[in-house]
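Here is how the chains run, residue by residue.
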Amino acid sequence: MRLLRLLGWSVVAVVVSAWLALVEVFWLPWRVGGVPVPISLLVAVVGNLLLVDAARRLSGSRLVAVLPAVVWLAVALTGTMRRPEGDLLLPGGDAATQAVTLGFLLVGVVAAAFAVGRALGAAPVRPAGAGSGSGGAR
């Protein structure tokens, strides 16, 4: 039963982190009046910190806690590669766009590394719903 629970939390962690990273990548070129709005930077930091911590607390596994950070990094780095059609999700462009793109990658990786370090160094957590429910041993 524990293996199924870990597998379920792993799937949830991977899907949520992949979705969030993809949304962040698509928000990067967002501009208001020609000025870049770096909302992706804030969401990358908060999302990586919260997803890693939530995965650790809910699953009780340090391995599952690392998954959101790895998936975020994979999606973000995939956005920097040109597709065969010539599409590029994280383009260079002008200096402001380059700064926002590099800032996104930098703060996202730093936040993910910090969250993973905190999760790996923390004491083991019993996952939600674990235990017999009898109120303790007698």
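Colleague: What should I look at first to understand the overall build of the chain in this one?
Modeller: Looking only at helices and strands, the chain features 4 helices and 2 strands. Taking 14 Å as the expected radius of gyration for a compact globule of 138 residues, we find that the chain reaches 18 Å, considerably beyond that expectation. With the C-alpha coordinates aligned to their principal axes, the bounding extent of the chain is approximately 70 × 30 × 25 Å. Counting the 138 residues in the chain, one finds 33% classified as buried. Taken as a whole, the chain presents about 8,200 Å² of accessible surface, with 72% of it coming from carbon and sulfur. The centroid of the 11 positive side-chain charges in the chain is displaced by 21 Å from the centroid of its 5 negative side-chain charges.

Colleague: Could you clarify how one ought to interpret the side chain of S10 in this entry?
Modeller: Looking at the element boundaries, S10 is found in helix α1 (residues 2–27). Separated by 2.7 Å, the side chain of S10 and the backbone oxygen of L6 make a polar contact.

Colleague: I keep staring at helix α3 (residues 62–78) and nothing clicks. Help me out?
Modeller: Residues that lie three or four places apart on an α-helix share one face, since the helix turns once every 3.6 residues. Its 17 residues place the ends of α3 25 Å apart at the C-alpha level, agreeing with the 24 Å of an ideal helix rising 1.5 Å per residue. Of the positions making up α3, those classed as buried are V64, A65, P68, A69, V71, W72 and A76.

Colleague: Is there a simple way to think about a nonpolar patch on the surface in this case?
Modeller: Together, M1, L4, L7, V11 and V15 make up a nonpolar patch on the protein surface, roughly 570 Å² of accessible area in all. Summarising the element assignment, V15 is placed in helix α1. The exposure class assigned to V15 is exposed, which follows from its relative accessible area of 52%.

Colleague: Sorry if this is basic, but what is going on with the side chain of S59 here?
Modeller: One can find S59 in helix α2 (residues 39–59). S59 sits in the buried class, given a relative accessible area of 0%.

Rules used throughout
Residues numbered from 1 in each chain as written. Predicted model: local features only at pLDDT ≥ 70, side-chain atom pairs only at ≥ 80, totals over all residues. Heavy atoms only, no water. Helix = DSSP H or I, 4+ residues; strand = E, 2+ residues; numbered from the N terminus. Rg over C-alpha atoms; globule rule 2.2 N^0.38 Å. Buried < 20%, exposed > 50% of the residue type's maximum accessible area, 1.4 Å probe, protein only. Areas by Shrake-Rupley, 256 points an atom, 1.4 Å probe, with all protein chains shown as cover. Lys, Arg positive; Asp, Glu negative; His and termini not counted. Charge placed at Lys NZ, Arg CZ, Asp CG, Glu CD. Polar contact = N/O pair within 3.5 Å; in protein donor to acceptor, adjacent residues only side chain to side chain. Expected span 1.5 Å × (residues − 1). Patch = residues over 30% accessible without salt bridge, like charges linked within 9 Å, V, L, I, M, F, W, Y side chains within 5 Å. Salt bridge = Lys/Arg side-chain N within 4 Å of Asp/Glu carboxyl O.

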